[in-house]
Amino acid sequence: QRGPAGGAGLKWPVGAVRRHLAALAGAGETRELFDSINRAVMLALRAAARVVVQPPHSGCFELFGFDVLLDEHLRPHVLEVNASPS
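Source: prediction; values computed, not measured. (Residues numbered from 1 in each chain as written. Predicted model: local features only at pLDDT ≥ 70, side-chain atom pairs only at ≥ 80, totals over all residues. Heavy atoms only, no water.)

Participant: Which parts of the structure should I look at to understand the nonpolar core?
Facilitator: Most often, soluble globular proteins have nonpolar side chains that are buried together. Residues Leu21, Leu33, Phe34, Ile37 and Val41 constitute the largest nonpolar core, which totals five residues. Top element by residues in this core is helix H2 (residues 27-48). It accounts for four residues. When near neighbours in sequence (up to four residues on either side) are disregarded, phenylalanine 34 contacts Val14, Val17, Arg18 and Leu21. (Core = buried A, V, L, I, M, F, W, Y, C linked by side-chain atoms within 4.5 Å. Buried < 20%, exposed > 50% of the residue type's maximum accessible area, 1.4 Å probe, protein only. Helix = DSSP H or I, 4+ residues; strand = E, 2+ residues; numbered from the N terminus. Contact = heavy atoms within 4.5 Å.)

Printed below as a string of structure tokens:
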């Protein structure tokens, strides 16, 4: 099933989210929003840096999925971080 922005179900590709928000709030507000999301993600990663286990092999990396909620003022709130995102 395709979602309203071409993604599967309710998952939207990031580019579609950017275009949608830019149409609603403007390009400048959308840039500020994504900067705020980046800051929130970095703060969450820094907070967990001591407990995140390093991969056993050099040259490996781990992907994390961040669920972010936008409030009515387009402020991002990190809801959860997934070690095995879908």
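Participant: I keep staring at a nonpolar patch on the surface and nothing clicks. Help me out?
Facilitator: On the surface, Val68, Leu70, Val78 and Val81 cluster together to form a nonpolar patch covering roughly 240 Å² of accessible area. Overall, valine 78 belongs to the partly exposed group, its relative accessible area being 31%. (Patch = residues over 30% accessible without salt bridge, like charges linked within 9 Å, V, L, I, M, F, W, Y side chains within 5 Å. Areas by Shrake-Rupley, 256 points an atom, 1.4 Å probe, with all protein chains shown as cover. Salt bridge = Lys/Arg side-chain N within 4 Å of Asp/Glu carboxyl O.)

Participant: So what exactly am I meant to see when it comes to the pattern of salt bridges here?
Facilitator: Side chains that differ in sign of charge can pair as their charged atoms come close. Counted by the stated rule, this structure contains one salt bridge. The closest approach of N and O atoms between aspartate 71 and arginine 75, which form a salt bridge, is 2.9 Å. Note on arginine 75: relative accessible area 45%, which makes it partly exposed.

Participant: It is not clear to me how the packing of aromatic side chains should be interpreted in this structure. Could you clarify?
Facilitator: Pairs of aromatic rings are described using the distance from one ring centre to the other and the angle between the two planes. Summed over the entire model, instances satisfying the criterion amount to zero aromatic pairs. The ring of phenylalanine 34 is capped by arginine 18, whose NZ or CZ atom sits 3.9 Å from the centre of that ring. (Phe/Tyr/Trp six-rings, centres within 6.5 Å; stacked < 30°, edge-to-face > 60°. Lys NZ or Arg CZ within 6 Å of the ring centre and 35° of its normal.)

Participant: Quick question: what am I supposed to make of the environment of arginine 18 here?
Facilitator: Among the secondary structure elements, arginine 18 is positioned in helix H1 (residues 14-25). The class for arginine 18 is partly exposed, based on a relative accessible area of 37%. Among all residues touching arginine 18, those that are not within four sequence positions of it are Thr30 and Phe34.

Participant: Just to check I follow, could you spell out H1 for this structure?
Facilitator: Each α-helix winds once per 3.6 residues, and so residues spaced three or four apart point in a common direction. The end-to-end C-alpha distance of H1 is 16 Å, a good match for the 16 Å that twelve residues give at a rise of 1.5 Å each. Immediately downstream of H1, the backbone of glycine 26 shows phi near 100 degrees, a positive value. (Expected span 1.5 Å × (residues − 1).)

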